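Architecture at a glance
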Amino acid sequence: MKPTLELPITLRPPEMDEVPVNSSVNERLELRKTAKIVEGFKILPKDNSPEHSELAFNFYAEINIDNSRLWNLILELSQQLPNKISLIFNHSDCEPEFGKYFDKNQTLEFLAKYESEIISDTFIDIGMIFHSDSELIEIFVPESKYIKFWGVDQKSFLEAMNKFDLKEIAGIEFVDEYPKVREPLRLFDEDTIDSNELIELLRINFK
C-alpha cells in the first residue's frame, strides 16, 4: 500500500540526491514507498509503567488525517476538554512551554487566526491540555502534523472518529517514522508568520 495521506505542503520525503548513497536513510525511503501512512488511528491502552501509573488518562491514541481536515478534527476533539485549558507550545527542537489555564473557547478563537501555521508549520508543536487529580485530557499536534490524544472517555473519542469517517487501522504508520524534510511555511505562503514570531505571540497571550 502506497502512502496516501495528504501532508502539509511543508513536509516531504527527501529526494534521492539529498541522502547519502547506500545509507540507512536510503533503505527507509524505499520502505516508505509501501508504508501504511493513511488516514486512520490506533488506540493504545494505558500501560503499567511507573511513568504513567499516576496519570489520570485511560487511553492514548495517534491519528492520521489529511492535512486539509486537521483543523476541523482539532476543533472536534477539543469538545472532549472542559472549559478551562492550558495551551502547550514549543519550537519543535525545544522543551514544551505551558500556558496558564484559560477559557477554551477564547483560546480556540485566538488559534483560529493562525490555523494555517498550526496545521502546516512543521517547526512548531502545539496542543491543549486539562490535567487534574482525576482527569488528564490532551490534544497534541507534533511537527509532523498528526494528532496524539490522551483521553478518559473512549466512547466519545470513537464517536468523534466516526464523524470524520476515521477507522482503527491495524499496522498504521506515521510520517515521522521515516526520513523527512521540513521546509519553512513562509516559502509557500508569505501571508503566514514566522515560527519564532508565533511562539512569541503565544507566550505573550497565554503565559
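Residues numbered from 1 in each chain as written. Predicted model: local features only at pLDDT ≥ 70, side-chain atom pairs only at ≥ 80, totals over all residues. Heavy atoms only, no water.

The subject of this paragraph is the overall build of the chain. Along the chain, the regular secondary structure elements total seven helices and 10 strands. In terms of C-alpha radius of gyration, the chain reaches 17 Å, essentially the compact-globule figure of 17 Å for 207 residues. Principal axes of the C-alpha set define a box for the chain whose edges measure 50 × 40 × 35 Å. Evaluated residue by residue, the chain yields a buried proportion of 48% over its 207 residues. For the chain, restricting intrachain contacts to residue pairs at least 6 apart in sequence, the fraction spanning at least 24 positions comes to 72%. Carbon and sulfur atoms make up 49% of the accessible area of the chain, which amounts to about 10,800 Å² in all. Distance between charge centres in the chain, computed from 23 positive and 40 negative side chains, equals 2 Å. (Helix = DSSP H or I, 4+ residues; strand = E, 2+ residues; numbered from the N terminus. Rg over C-alpha atoms; globule rule 2.2 N^0.38 Å. Buried < 20%, exposed > 50% of the residue type's maximum accessible area, 1.4 Å probe, protein only. Contact = heavy atoms within 4.5 Å. Areas by Shrake-Rupley, 256 points an atom, 1.4 Å probe, with all protein chains shown as cover. Lys, Arg positive; Asp, Glu negative; His and termini not counted. Charge placed at Lys NZ, Arg CZ, Asp CG, Glu CD.)

A few words on the confidence of the model for the chain. With 94% of its residues at a pLDDT of at least 70, the chain reaches an overall mean of 92. The least confident element of the chain, judged by mean pLDDT, is helix α2 (residues 50-53) at 60; the most confident is helix α3 (residues 67-78) at 98. (pLDDT = per-residue confidence, 0-100.)

The next point concerns helix α6 (residues 154-163). Of all the residues in α6, the buried ones are Phe157, Ala160 and Met161. For α6, the angular spread of the buried residues around the axis is 100°, confining them to a single face. Projecting away from the buried face of α6 at angles above 90 degrees are the exposed residues Lys155, Asn162 and Lys163. On the buried face of α6, the contacting elements are β2 (40-45), β3 (59-64), α3 and β9 (147-151). (Arc of directions from axis to C-beta.)

Take threonine 10: it is sitting in the segment before β1 (11-12). For threonine 10, a relative accessible area of 0% gives the class buried. In this view, threonine 10 contacts Ser120, Thr122, Val181, Arg182, Glu183, Pro184, Leu185 and Phe188; residues no more than four positions away in its chain are not counted.

The terminal C-alpha atoms of α3, which comprises 12 residues, lie 17 Å apart, in line with the 16 Å expected from a rise of 1.5 Å per residue. Listing the buried residues of α3 in full gives Asn67, Leu70, Trp71, Leu73, Ile74, Glu76, Leu77 and Ser78. (Expected span 1.5 Å × (residues − 1).)

A few words now on unusual backbone geometry. Phi at lysine 145 is positive, roughly 65°, even though this residue is not glycine. The topology assignment puts lysine 145 in the loop between β8 (136-141) and β9. Unlike most non-glycine residues, aspartate 165 shows phi in positive territory, near 55°. Mapped onto the elements of the fold, aspartate 165 is located in the loop between α6 and β10 (181-182).

In the contact formed by α3 and helix α4 (residues 104-112), the axes pass within 12 Å of each other and the chain directions differ by 175°. One element, α3, and the other, α4, form an angle in the roughly antiparallel class. Contacts from Trp71, Leu75 and Ser78 in α3 reach Lys104, Leu108, Leu111 and Ala112 in α4. Per-class residue counts for the contact of α3 with α4 are five nonpolar, one polar and one charged. (Axes fitted to C-alpha atoms, helices over the stretch in contact; angles between N-to-C directions. Parallel < 35°, antiparallel > 145°, perpendicular 65-115°, else oblique. Nonpolar A, V, L, I, M, F, W, Y, C, P; charged D, E, K, R; others polar.)

Note that tyrosine 146 resides in the loop between β8 and β9. Taking the C-alpha atoms as reference points, tyrosine 146 and phenylalanine 41, separated by 105 residues in sequence, lie 9.9 Å from one another. For tyrosine 146, the contacting residues outside a window of four places in its chain are Glu62, Ile63, Asn64, Phe140, Val141, Phe174 and Asp176. Engagement of the side chain of tyrosine 146 in a polar contact is seen with the side chain of aspartate 176, the distance being 2.8 Å. (Polar contact = N/O pair within 3.5 Å; in protein donor to acceptor, adjacent residues only side chain to side chain.)

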